[in-house]
Amino acid sequence: MPKTSYAGRHRPAAKPSRGRQFVVPVALLSSTVAGGLVIRDAGASELSPEAAAMKNVSNSVAGLGLTADPEAVTAAAANRAGARSSRDMVRDAKTIIVGASQTATQTAAEAQAAAAKAAADQAAAQKAKAAAAAKAKQDAAARALAQAHRWVSPVSGYTLTSGFGFRWGKMHPAQDLACPVGSSVHSLSSGTVVFAGRSTEGYGNFVKIRYWDGTVSWMAHNSRLLVSVGEQVSPGQIVAYSGSTGNSTGPHVHLEIHPGDGSAVPPLVWLAQRGVTL
Ligand SMILES: [Zn+2]
């Protein structure tokens, strides 16, 4: 198994043999010449490049009387200088590579930090966006609920006539709102129609609505009903047109308010507590 790693001083990888060809033979030359041994008989074809080079130099030395060929010496020196130069270049290249590597490491770290920051920023932005969306949804729901739960007047363009209390020795548990026949009668808020039809007790065309808070309104003496039992109604929705049907002395809306479907309470007070002033 040949030894593949080179443990000695560094040589340029591109031209490993040049140093051997010139540097080593010149070193050997001194001892060869000093020892009186001159390689001059061997044929050039049988020699290795190193030996051939040595032979050439030796022949020159022999021919010139122990003086080395100046060109060969200069070439060897140039090669040594070249080798040093190459070592310097390698050293420089190593410095550059180490520097570049450090720069690359630094750049990678910076890029990683920037990416982490960007990801954090994006996450924060998404969180803020989600929070804003959630808040917008919440606000919209709150607005929708407020809209659904608002209270409105049963009719517009009316005159308050008989109020809540005893009238002609008899309890009148309502507020009468005199208005022309055919006036729009509105649902007071969101609710469900629990009765819509002809009353057998003198209320004429009669509609009862149970609202979202459990309160039930009675609206009587209508000329025409527009809703039926079980129908969902919204605040201000027209549920009837006013009239004077049933036990009535003139066109008006007879309005009763029954909280929790219980006993009637004064409509003006109850509505005023909900922001509706009649
Ligand atoms: Zn009445």
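Going by the structure above, here's the rest.
Throughout what follows, the structure given in this document is the object of discussion. Keep in mind that what you see is a predicted model, and the values were worked out from it rather than measured.

### What to know about the coordination of the zinc ion
No. 1: Note on the zinc ion: its protein donors are His 172 (NE2), Asp 176 (OD) and His 254 (ND1). The metal-donor distances range over 1.8 to 2.4 Å.
No. 2: All donors of the zinc ion belong to a single chain; written as a sequence motif, their spacing is H-x3-D-x77-H. A residue pair is termed long-range when its members are at least 10 positions apart, and Asp 176 in strand E4 (residues 175-178) and His 254 in strand E12 (residues 252-258) qualify at 78 residues.
No. 3: The exposure class of His 254 is buried, given its relative accessible area of 6%.

### Considering the side chain of Ser 242
No. 1: As for its placement among the helices and strands, Ser 242 is situated in the loop between strand E11 (238-241) and E12.
No. 2: The contacts of Ser 242, once residues within four sequence positions are left out, are Cys 179, Pro 180, Val 181, Gly 182, Ser 183, Val 185, His 221, Asn 222, Ser 223 and Val 253.

### With respect to the sheet that holds strand E7 (residues 205-211)
No. 1: Taken in spatial order, the 7 strands make up an open sheet running E1-E4-E12-E8-E7-E6-E10, and their pairing is antiparallel. Lying at the two open borders of the sheet, with one neighbouring strand each, are strand E1 (159-160) and strand E10 (232-233).

### Structural notes on the pairing of strand E6 (residues 191-198)
No. 1: Two elements, E6 and E7, share 7 bridges in a ladder whose sense is antiparallel. Following the sheet pairing, Arg 198 is matched in E7 by Asn 205.
No. 2: Counted between consecutive antiparallel strands, the loop separating E6 from E7 contains 6 residues, among which Gly 202 sits at a positive phi close to 90°.
No. 3: When E6 meets E10, the two strands line up antiparallel, connected through 2 bridges. Its bridge partner lying in E10, Gly 191 is registered against Val 233.

### Notes on the pairing of E11
No. 1: Relative to E11, strand E5 (residues 184-186) runs antiparallel, the two sharing 3 bridges. Each residue of the ladder has a partner; that of His 186, found in E11, is Ile 238.
No. 2: Of the pairings in the sheet, the one linking strand E9 (residues 224-225) to E11 comprises 2 bridges and is antiparallel in character. Among the inter-strand pairings, Arg 224 is bridged to a residue of E11, identified as Tyr 241.

The rules behind the values
Residues numbered from 1 in each chain as written. Predicted model: local features only at pLDDT ≥ 70, side-chain atom pairs only at ≥ 80, totals over all residues. Heavy atoms only, no water. Donors = N, O, S within 2.8 Å, 3.2 Å for Na, K, Ca; no water. Helix = DSSP H or I, 4+ residues; strand = E, 2+ residues; numbered from the N terminus. Buried < 20%, exposed > 50% of the residue type's maximum accessible area, 1.4 Å probe, protein only. Contact = heavy atoms within 4.5 Å. Pairing = 2+ DSSP bridges.

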